[in-house]
Amino acid sequence: MADNGAPPEEPPQSEHLNIKVTDSNNEVFFKIKRTTPLKKLMDAFCERQGKSPQSVRFLFDGQRVNPTDNPDTLDMADGDTLEVHQEQIGGNA
């Protein structure tokens, strides 16, 4: 194989992705498979931050992420970001 001087590139469809999950205060990086349901990542983030999964919602490109979604179904790329927002629930003053 000839060395053209360029750094070796990962294949475009590597099996794992690095996904950043961020709320307004924290950034957590996860490495997951393309076919892994995002529920695992969502639960892990909530556990690390001491949040209830029912108290937050996850968004990717402005769209709500379902626990059954995976990076393939959302067409995510390595380095993409999920945003975490507090669920707006009224009546708990």
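- The name given to the chain in an unreviewed UniProt entry is Ubiquitin-like modifier, with Dissoconium aciculare CBS 342.82 as the source organism.

### Brief notes about helix 1 (residues 38-49)
In an α-helix, one full turn covers 3.6 residues, which means residues spaced three or four apart are oriented alike.
Part 1 of the reasoning: Here helix 1 contains twelve residues, and its C-alpha end-to-end distance of 17 Å stays within 8% of the 16 Å for a straight helix at 1.5 Å per residue.
Part 2 of the reasoning: For helix 1, the elements touching its buried residues are strand 1 (16-22), strand 2 (27-33), strand 3 (56-60) and strand 5 (81-86).
Part 3 of the reasoning: Directly beyond the C-terminal end of helix 1, a positive phi value near 70° is found at G50.

### Overview of the packing of aromatic side chains
Two measures describe an aromatic ring pair: the distance that separates the ring centres and the angle between the ring planes.
Part 1 of the reasoning: Counted by the stated rule, this structure contains one aromatic pair.
Part 2 of the reasoning: A centroid spacing of 6.2 Å and a plane angle of 85° characterise the contact between F45 and F58, whose relative ring orientation is edge-to-face. Of the two residues, F45 is situated in helix 1 and F58 in strand 3; the sequence distance between them amounts to 13 residues. Neither F45 nor F58 differs from the other in exposure class; each is buried.

### Brief notes about the sheet that holds strand 2
Part 1 of the reasoning: An order of 2-1-5-3-4 is seen for the five strands of this open sheet, with the pairing classed as mixed. Looking at strand neighbours, the two that pair on one side only are strand 2 and strand 4 (63-64), the edges of this open sheet.
Part 2 of the reasoning: Relative to strand 2, strand 1 runs antiparallel, the two sharing seven bridges. Residue pairing for strand 2: T22 is matched across the bridge by E27.

### Focus on the pairing of strand 5
Part 1 of the reasoning: Pairing analysis gives three bridges linking strand 1 to strand 5, with the strands arranged parallel. Opposite V21, over in strand 5, you have L82 as the bridge partner.
Part 2 of the reasoning: Where strand 3 meets strand 5, four bridges bridge the pair, whose relative direction is antiparallel. By the bridge assignment for strand 5, F58 is matched with V84.

### Notes on the nonpolar core
Part 1 of the reasoning: Core analysis: the largest hydrophobic core is formed by 18 residues, its most contacted members being V21, L41, F58 and L82.
Part 2 of the reasoning: Looking at this core, the elements that each hand over two or more residues are strand 1, strand 2, helix 1, strand 3 and strand 5.
Part 3 of the reasoning: Element by element, the count of residues in this core is highest for helix 1, at five residues.
Part 4 of the reasoning: Every residue in contact with L82, bar those within four places of it in the chain, is listed here: I19, K20, V21, T22, L41, F58, L59, F60, V65 and M76.

### As for the side chain of D23
Part 1 of the reasoning: Position of D23 among the secondary structure elements: in the loop between strand 1 and strand 2.
Part 2 of the reasoning: Relative accessible area serves as the criterion here: at 10%, D23 is assigned to the buried category.
Part 3 of the reasoning: In this structure the side chain of D23 is engaged in a polar contact, spanning 2.9 Å, whose partner is the backbone nitrogen of N25.
Part 4 of the reasoning: Separated by 2.6 Å, the side chain of D23 and the backbone nitrogen of N26 make a polar contact.
Part 5 of the reasoning: Among all residues touching D23, those that are not within four sequence positions of it are F45, K51 and V84.

The rules behind each value
- Residues numbered from 1 in each chain as written.
- Predicted model: local features only at pLDDT ≥ 70, side-chain atom pairs only at ≥ 80, totals over all residues.
- Heavy atoms only, no water.
- Helix = DSSP H or I, 4+ residues; strand = E, 2+ residues; numbered from the N terminus.
- Expected span 1.5 Å × (residues − 1).
- Contact = heavy atoms within 4.5 Å.
- Phe/Tyr/Trp six-rings, centres within 6.5 Å; stacked < 30°, edge-to-face > 60°.
- Buried < 20%, exposed > 50% of the residue type's maximum accessible area, 1.4 Å probe, protein only.
- Pairing = 2+ DSSP bridges.
- Core = buried A, V, L, I, M, F, W, Y, C linked by side-chain atoms within 4.5 Å.
- Polar contact = N/O pair within 3.5 Å; in protein donor to acceptor, adjacent residues only side chain to side chain.

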